[in-house]
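Examining the three-dimensional arrangement
Each chain is listed here by its residues.
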There are 2 protein chains.
Amino acid sequence: MRISILGGTGDIGEGLALRWGRDTDHEIVIGSREADRAVTAATRYAGQLQARGYDPTITGDGNEAAVRGADVVVASVPPYSVADAIEQLGESIPEDAIIVTPAVGIKRDDDGVHYHRPSVGSVTRLAADAASESVSVVGAFHSVPAQRLADLDDPLDMDTIVIGDDTDARTTILGLANEIEGLTALNGGPIANAPEVESLTALLINLGRYNESLHEAGIRVVSPDRPAYDS
Amino acid sequence: MRISILGGTGDIGEGLALRWGRDTDHEIVIGSREADRAVTAATRYAGQLQARGYDPTITGDGNEAAVRGADVVVASVPPYSVADAIEQLGESIPEDAIIVTPAVGIKRDDDGVHYHRPSVGSVTRLAADAASESVSVVGAFHSVPAQRLADLDDPLDMDTIVIGDDTDARTTILGLANEIEGLTALNGGPIANAPEVESLTALLINLGRYNESLHEAGIRVVSPDRPAYDS
């Protein structure tokens, strides 16, 4: 699979490139507005993995070139740039590609951070509205701390919830997320269910502030069939 | 401590009565609009615990009598009755009591259930606005499945997030929640942070629908200092 990571020079894009580079055979293309920056980042990620004995395929290019031929495009850009980025790349993104958005809107006040819900319902919906009809949009990775994802020594041991209206596309991204060691992908259903998923980021930031041992926290969903602890 | 559980004849109130009855020495008073129903429920809970070898103090009474002398009043009533229930009992609730609300607003459509956020910001805020100024309102237990709480054989092994504007009151309820075996109480900060906490209920219901092994799920917040698995 060819995975383009837009905004792959920082934040969650870096962690996804490193993890997929290590845990899978997928071809990773880092995209950036400036091709040079993307190439530099790709070289750095590949070098980091080679030093650990892996042989990943990670290249870099300008955004438009990076999405060409992509099966999956991860739009790792700030929440209110997601729609613009998708619209601008509209014609370059292949017709049957899947766009993945990890973006959430957040506002901050004295008490904590709060989910800033766009009027269309969610950031995932914003992204879906901006994409052409043939392209599926899926939300994922919202509650995975970027710093921990980029630290290959971190075992993660957490969940990510995947939402999308197209069942096949959602299943593909569930699979792709599950390929990352230590990450378990859960099916969140259609994009109508996105607000509660996107809200998790603010919740986790607040828990990090008010509880000493919960910095850079993620979530794990537990049930009688799936306990928190192996016992 | 004297804990009154309004609406303690069903839903999460039953589980709280049983768990505190088993795991603590607190005095539990079940409240109901009809005193008879409260007494019947209290007798049943006490009997269930006695059959397991415990000796709890659980009695039942009409709502007004039940809250008298209470240190903590749990308003286990439907979300849009919370404010009314608190207003009606205003004069009976002791001045320095803490009101605990586990209520969340939910609406349902074809795709799933969704957090129905009240215009004041959260159900916890609704409850706080309805209470007299001397009384502290704290939100807790939103993401704990009622059925599992009421099943004393269920190990729970999950978290609950506690929110409240008064630090002392929040600390008291954090302690009270932590006294329930298998439940870990996390500090969610002030009521401004309630929407993201109340949203969890809808999220968990949706995950139960779209994932086979996640019925009656709860959450566990994991971080490097607090991994999902003991290792």
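Look a little higher up for the structure.
Our subject in this report is the structure included herewith. (Residues numbered from 1 in each chain as written. Chains lettered and ligands numbered in written order. Predicted model: local features only at pLDDT ≥ 70, side-chain atom pairs only at ≥ 80, totals over all residues.)

**Quick notes on the overall build of chain A**
The condition that has to hold: Numbering of helices and strands runs from the N terminus, with a helix taken as a DSSP run of H or I at least four residues long and a strand as a DSSP run of E at least two residues long. Around each residue's C-beta, the other C-beta atoms within 10 Å are counted; 20 or more make the residue buried, 12 or fewer make it exposed, and counts in between make it partly exposed. All C-beta atoms are placed from the backbone. Here contacts are defined at the residue level, using C-beta atoms placed from the backbone and a cut-off of 7 Å between them.
The helix and strand inventory of chain A stands at 8 helices and 11 strands. Taking the principal axes of its C-alpha atoms as reference, chain A extends roughly 45 × 45 × 35 Å. Taking all 231 residues of chain A together, 57% fall into the buried category. Considering only contacts within chain A whose residues lie at least 6 apart along the sequence, 71% involve residues at least 24 apart.

**Overview of the sheet that holds strand S3 (residues 57–62) of chain B**
Residue and element names in this part refer to chain B. The condition is simple: For two strands to count as paired, DSSP must find a minimum of two bridges between them. A fitted line through C-alpha atoms serves as each axis, taken over the contacting stretch for helices, and the angle formed by two N-to-C directions is quoted from 0 to 180°.
Overall, mixed pairing links the 8 strands, which are arranged S3-S2-S1-S4-S5-S8-S9-S10 in an open sheet. Of all strands in the sheet, those with a lone pairing partner are S3 and strand S10 (183–189), marking the two edges. Pairs of neighbouring strands in the sheet enclose a mean axial angle of 25°, with direction left out of account. Relative to strand S2 (residues 27–32), strand S1 (residues 2–6) runs parallel, the two being bridged by 5 bridges. Across the sheet, residue Ile 3 finds its bridge partner in S2, namely Ile 28.

**Observations concerning the interface of chain A and chain B**
Here is the rule we go by: Asp, Glu, Lys and Arg are counted as charged, while Ala, Val, Leu, Ile, Met, Phe, Trp, Tyr, Cys and Pro are counted as nonpolar; the rest, among them Gly, fall into the polar class.
Each partner contributes residues to the interface: chain A has 44 residues there, and chain B has 44 residues. Listed by contribution, the elements that provide at least two residues to the side of chain A that touches chain B are strand S7 (113–115), strand S10 (183–189), helix H8 (194–210) and strand S11 (218–222) of chain A. The greatest single-element share of the side of chain A that touches chain B, amounting to 10 residues, is contributed by H8(A). Of the residues that constitute the side of chain A that touches chain B, the class distribution is 20 nonpolar, 13 polar and 11 charged.

**A word on unusual backbone geometry**
Residue and element names in this part refer to chain B. Phi at Asp 157 takes a positive value of approximately 50°, unusual for a residue other than glycine. Along the polypeptide, Asp 157 turns up in the loop between helix H6 (146–149) and strand S9 (158–164). The phi torsion at Glu 216 lies on the positive side, around 55°, for a residue other than glycine.

**So, helix H2 (residues 35–50) of chain A**
Residues and elements named next belong to chain A. In plain terms, the rule: Expected span of a helix: the number of residues minus one, times 1.5 Å. Note that the arc is computed from the directions linking the helix axis to the C-beta atoms.
For H2, spanning 16 residues, the distance from its first C-alpha to its last is 22 Å, which sits close to the expected 22 Å at 1.5 Å a residue. Burial in H2 covers these residues: Ala 38, Ala 41, Ala 42, Tyr 45 and Ala 46. On an axial view of H2, the arc spanned by its buried residues comes to 130°, and they lie on one face. Exposed and oriented more than 90 degrees from the buried face of H2 are Asp 36 and Gly 47. Residues of H2 that are buried make contact with helix H1 (11–23), strand S2 (27–32), strand S3 (57–62) and helix H3 (63–67).

**Some points on the relation of the copies chain A and chain B**
Cut-off, in case you're wondering: A residue counts toward the fit only if its pLDDT is at least 70 in both copies, and the copies are then superposed by least squares on the C-alpha atoms of those residues.
The operation relating chain A to chain B is a screw motion whose rotation component is 180°, with 0.0 Å of axial translation and a residual RMSD of 0.0 Å. What the rotation and shift describe, once combined, is the action of a two-fold rotation axis. Looking at chain A, 100% of its interface residues are interface residues in chain B too, so the copies touch through the same face.

**Observations concerning the packing of H1(A) against H2(A)**
Residues and elements named next belong to chain A. Stated formally: Under this scheme an angle from 65 to 115 degrees is roughly perpendicular, one under 35 degrees roughly parallel, and one over 145 degrees roughly antiparallel; angles in between are oblique. When the near helix sits turned anticlockwise from the far one by under a right angle, the crossing is termed left-handed; a clockwise turn instead gives a right-handed crossing.
Where H1 contacts H2, the two axes come as close as 10 Å, and the packing angle between them is 40°. Between H1 and H2, the crossing angle belongs to the class labelled oblique. For the element pair H1 and H2, the recorded crossing hand is right-handed. Packed against H1, whose contacting residues are Ala 17, Leu 18, Gly 21 and Arg 22, the element H2 presents Tyr 45, Gln 48 and Leu 49 at the interface.

**Some points on the sheet that holds S10(A)**
Residue and element names in this part refer to chain A. One open sheet accounts for 8 strands, arranged S3-S2-S1-S4-S5-S8-S9-S10; its pairing is mixed. Strands at the two margins of the open sheet, each flanked by one partner only, are S3 and S10. With direction set aside, neighbouring strand axes in the sheet form an average angle of 25°. The pairing of strand S8 (residues 136–139) with strand S9 (residues 158–164) spans 2 bridges and is antiparallel.

**Thoughts on the nonpolar core**
Selection criterion: Any set of buried Ala, Val, Leu, Ile, Met, Phe, Trp, Tyr and Cys residues joined through C-beta atoms within 7 Å is what this text calls a nonpolar core.
Residues Val73(A), Ala75(A), Ile99(A), Ala127(A), Ala75(B), Ile99(B) and Ala127(B) are the most contacted members of the largest nonpolar core, which totals 166 residues. Excluding residues within four positions of it along the chain, Ala127(B) makes contact with Ala75(B), Val82(B), Ala83(B), Ile86(B), Ile99(B), Thr101(B) and Val137(B).

**Some details on the environment of Ile12(B)**
Residue and element names in this part refer to chain B. On the secondary structure map, Ile 12 appears in helix H1 (residues 11–23). As for Ile 12 and Ala 75, which are separated by 63 residues in sequence, their C-alpha atoms are 9.9 Å apart. If near-sequence neighbours (up to four positions away) are discounted, Ile 12 is found in contact with Ser 76, Pro 102, Phe 141, Val 144, Ala 146 and Leu 149.

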